[in-house]
Amino acid sequence: MGSQSQILLEQTLIFTESDDQQHRKILLELKKGYQELHIDFSYSPQDVPEEQALRSIAAMLPKYDQKNNLQANDFLPLKNLITLSLAYEEAYLGCRHNKETEQNIMISETASSLGFIPQSVQPGNWEIQLNLHCVQSTVTVNIAVKGVTNK
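All of these numbers come straight from a predicted model, not from anything done at the bench.

## With respect to the packing of aromatic side chains
The way to describe two aromatic rings as a pair is by their centre distance and the angle between their planes.
Argument step 1. Enumeration according to the criterion identifies two aromatic pairs in this entry.
Argument step 2. Seen in terms of ring centroids, F41 and Y43 are 6.0 Å apart; in terms of plane orientation they differ by 40 degrees. Their pairing is tilted. Across this residue pair, the class does not change: F41 and Y43 are buried.
Argument step 3. Seen in terms of ring centroids, Y88 and W126 are 4.6 Å apart; in terms of plane orientation they differ by 45 degrees. Their pairing is tilted.

Okay, here's the thing in structure tokens:
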């Protein structure tokens, strides 16, 4: 038995340092149900360019290091970190907190990717939330969502 997929969403987003420690919601309304929902998520670069990283770290050191006299170089390399969480009809379905810059997330009634609870892919309001834990350089995010049905 083969399967068929339908592209439901494709987006490229650009984030900068001003987006650091924010959350960005992407709303997706499904008009019909599917056997599976596939979310391809990637971002780059992961490593913040060194000169930019040193400036960012040096600016934060006085706030966090009042006794140890640490140096900005002690924290290199600095990495951008974005995670993706998912909800259906405002019910939280999970998030896989990791540092992978390319993720393929699958949601279905019987099984889902690590960090996400199984959920039937029904019509209704779905929400992808990008958690911008650390954005210290310009970062490009790509998201593609596909609904999969079995023939």
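## Some words on helix 1 (residues 50–64)
Argument step 1. Between its first and last C-alpha, helix 1 extends 20 Å over 15 residues, near the 21 Å set by a 1.5 Å rise per residue.
Argument step 2. Listing the buried residues of helix 1 in full gives Q52, A53, S56, I57 and L61.

## Concerning the layout of surface pockets
Gaps left between atoms are located by rolling a probe of water-molecule size over the structure's atoms.
Argument step 1. Here the largest pocket defines a volume of roughly 410 Å³.
Argument step 2. For the lining of the largest pocket, the element with the most residues is helix 1, which contributes seven residues.
Argument step 3. Looking at the lining of the largest pocket residue by residue, the classes come out as nine nonpolar, four polar and three charged.

## So, the pattern of salt bridges
Argument step 1. Counting across every chain of the model gives six salt bridges.
Argument step 2. For D19, the salt bridge identified is with R24, shortest N-O distance 2.8 Å.
Argument step 3. Relative accessible area serves as the criterion here: at 29%, R24 is assigned to the partly exposed category.

## Focus on the sheet that holds strand 5 (residues 91–95)
Argument step 1. The four strands are arranged 2-7-4-5 in an open sheet whose pairing can be described as antiparallel. Both edges of this open sheet fall to strand 2 (22–30) and strand 5, since each of them pairs with a single strand only. Within this sheet the neighbouring strands show an average axis-to-axis angle of 25 degrees, counted without direction.
Argument step 2. The pairing of strand 4 (residues 81–88) with strand 7 (residues 124–134) spans eight bridges and is classified as antiparallel. The residue of strand 7 that forms the bridge with T83 is N131.

## Concerning the side chain of D19
Argument step 1. Mapped onto the elements, D19 comes out in the loop between strand 1 (3–15) and strand 2.
Argument step 2. A relative accessible area of 12% means that D19 is categorised as buried.
Argument step 3. When residues no more than four places from it in sequence are discounted, the contact partners of D19 are I14, R24 and L132.

What counts, and at which threshold
- Residues numbered from 1 in each chain as written.
- Predicted model: local features only at pLDDT ≥ 70, side-chain atom pairs only at ≥ 80, totals over all residues.
- Heavy atoms only, no water.
- Phe/Tyr/Trp six-rings, centres within 6.5 Å; stacked < 30°, edge-to-face > 60°.
- Buried < 20%, exposed > 50% of the residue type's maximum accessible area, 1.4 Å probe, protein only.
- Helix = DSSP H or I, 4+ residues; strand = E, 2+ residues; numbered from the N terminus.
- Expected span 1.5 Å × (residues − 1).
- 1 Å grid on protein atoms, 1.4 Å probe; cavity = no way out; pocket = protein on both sides within 12 Å on 5 of 7 lines; lining within 4 Å.
- Points joined across faces, edges and corners; volume = space filled by probe spheres on them.
- Nonpolar A, V, L, I, M, F, W, Y, C, P; charged D, E, K, R; others polar.
- Salt bridge = Lys/Arg side-chain N within 4 Å of Asp/Glu carboxyl O.
- Pairing = 2+ DSSP bridges.
- Axes fitted to C-alpha atoms, helices over the stretch in contact; angles between N-to-C directions.
- Contact = heavy atoms within 4.5 Å.

So far we have only geometry, and geometry alone does not tell us how the molecule works.
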